[in-house]
Amino acid sequence: MIARWQRWFVVAWCLTAWGWTTFAAQYSVGWLVGGCAVLVGGHALVLAAEFVASALVNRREEGPHASASDLLRAWWAECLLSPRIWAWRQPFRSTAIADHFPATDGRRGVVLIHGFSCNRGFWLSWLQRLTLQGRCVVAVDLEPPLGSLDGFVQTVDEAIRQVRTATGLPPMVVAHSMGGLVARAWWCRTRGAQPVHRIVTLGTPHAGTWTARIGRAASSLEMRIGSPWLAALAQAQQGCEPARFTCWFSNCDNMVFPMHTATLPGADNRPAHGLAHVELAFDAAVMNGTLALLDED
């Protein structure tokens, strides 16, 4: 569903660019250049607003605080990465790399869970790397995209069951942003019926995020700081079998802030300061550090 929505968005963008070029060409080069700049760089303005909000909110927290150069670098990285994700990989390439079920060789597999407004196309780099390594890997699609986080639990449960059956080992779960909350909800709702090796979260709003106040989707309401859903999840997790969590967080995260909200008490909380929200999932050090956990006891 997300792929279809985003394909329509890309088509609408292209039609708008064509229409504006045709219209503005009748007037002046200034009109033409100005309109194209808005169409091409409009997302950069939205991202800039997110980074300003993140910097202001994080200033109220204990450091380390991001410098202006850190924020500028992260903003530029996000400007370059976002169109590749939302205008190419997710709308047009989400099925380019299939889930991988190699002949069992005694190695642990991986389940990949995307975040809000994403699909499995978000994980193409991870799917390619894990497939080349001969690992069993499944990347889920969370549908319907605007539904409650609890509605995705069955999808995750089935993926974990598939990987565990294929490898004979509890898989490692890697989740970006909202996907980390889905992984926690799965663990608590199923009460650990299926063991996992570790749950790794990348920029997940474990304690909510300031930006969720803008959204109106069911999941956005649940991700608001202090929401009843998050409070119930935290209470439920206290009564579950403990699971090993590794939580990557950043002081330049433009979607999940204050930055401490991306950590969990008692977890292996790992700073990846200087990285933007989407960038967290594509940074080489974060990817290498995460995949190294596969072979830990």
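The structure presented is a predicted model; accordingly, all values stated were derived computationally and were not measured. (Residues numbered from 1 in each chain as written. Predicted model: local features only at pLDDT ≥ 70, side-chain atom pairs only at ≥ 80, totals over all residues. Heavy atoms only, no water.)

Caption draft 1: Representation of the overall build of the chain in the model. When helices and strands are tallied, the chain shows nine helices and six strands. Burial analysis of the chain (297 residues in total) assigns 49% to the buried set. Put simply, 74% of the contacts in the chain that link residues at least 6 apart link residues at least 24 apart. Of the roughly 13,500 Å² of accessible surface on the chain, 63% is carried by carbon and sulfur atoms. Charge separation in the chain, taken as the distance between the mean sites of 24 positive and 21 negative side-chain charges, equals 3 Å. (Helix = DSSP H or I, 4+ residues; strand = E, 2+ residues; numbered from the N terminus. Buried < 20%, exposed > 50% of the residue type's maximum accessible area, 1.4 Å probe, protein only. Contact = heavy atoms within 4.5 Å. Areas by Shrake-Rupley, 256 points an atom, 1.4 Å probe, with all protein chains shown as cover. Lys, Arg positive; Asp, Glu negative; His and termini not counted. Charge placed at Lys NZ, Arg CZ, Asp CG, Glu CD.)

Caption draft 2: Expanded view of the packing of helix 4 (residues 124–132) against helix 9 (residues 284–291). It is at 13 Å that the axes of helix 4 and helix 9 come closest, and there the two elements cross at 45°. The angle between helix 4 and helix 9 falls in the class oblique. For the crossing formed where helix 4 meets helix 9, the hand is right-handed. Facing helix 4, whose interface residues are Ser125, Trp126, Arg129 and Leu130, helix 9 presents Met287, Asn288, Thr290 and Leu291. Here the contact of helix 4 with helix 9 is built from residues that sort into four nonpolar, three polar and one charged. (Axes fitted to C-alpha atoms, helices over the stretch in contact; angles between N-to-C directions. Parallel < 35°, antiparallel > 145°, perpendicular 65-115°, else oblique. Left-handed = near helix turned anticlockwise from the far one by under 90°. Nonpolar A, V, L, I, M, F, W, Y, C, P; charged D, E, K, R; others polar.)

Caption draft 3: Unusual backbone geometry, seen in detail. The omega torsion across Gly63 and Pro64 is 5°, close enough to zero to call that bond cis. Look at the link from Glu143 to Pro144: it is a cis peptide, with omega at -5°. The residue Pro144 is located in the loop between strand 2 (137–139) and helix 5 (153–167) in this model. At Ser117, a position not held by glycine, the phi torsion is positive, near 60°. Within the fold, Ser117 resides in the loop between strand 1 (110–113) and helix 4. The phi dihedral of Ser177 is positive, around 55°, even though this residue is not glycine. Counting through the fold element by element, Ser177 comes out in the loop between strand 3 (172–176) and helix 6 (178–189).

Caption draft 4: Layout of the pairing of strand 3. Counting buried residues along strand 3, five of its five residues qualify, which places the element largely inside the surrounding structure. Side-chain alternation along strand 3 places Met172, Val174 and His176 on one buried face and Val173 and Ala175 on a second face that is also buried. As paired strands, strand 1 and strand 3 are joined by four bridges and run parallel to one another. What sits directly across from Ile113, in strand 3, is Ala175. Taken together, strand 3, helix 6 and strand 4 (residues 198–202) constitute a β-α-β crossover, and its handedness is right-handed. (Pairing = 2+ DSSP bridges. Right-handed = clockwise from strand over helix to strand, strands pointing away.)

Caption draft 5: The arrangement of the side chain of His277 in detail. When you line up the elements, His277 lands in the loop between strand 6 (268–271) and helix 9. Polar contacts involving the side chain of His277 include one to the side chain of Ser177, which spans 3.0 Å. With near-sequence residues (within four places) excluded, His277 lies in contact with Glu78, His176, Ser177, Gly203, Asp253, Asn254, Met255 and Val256. (Polar contact = N/O pair within 3.5 Å; in protein donor to acceptor, adjacent residues only side chain to side chain.)

Caption draft 6: Broad picture of the packing of aromatic side chains. For the structure shown, the criterion picks out seven aromatic pairs. Here the aromatic rings of Trp186 and Trp187 are separated by 5.7 Å at their centres, their planes lie at 55°, and the arrangement is tilted. You can call Trp187 buried: its relative accessible area is 5%. (Phe/Tyr/Trp six-rings, centres within 6.5 Å; stacked < 30°, edge-to-face > 60°.)

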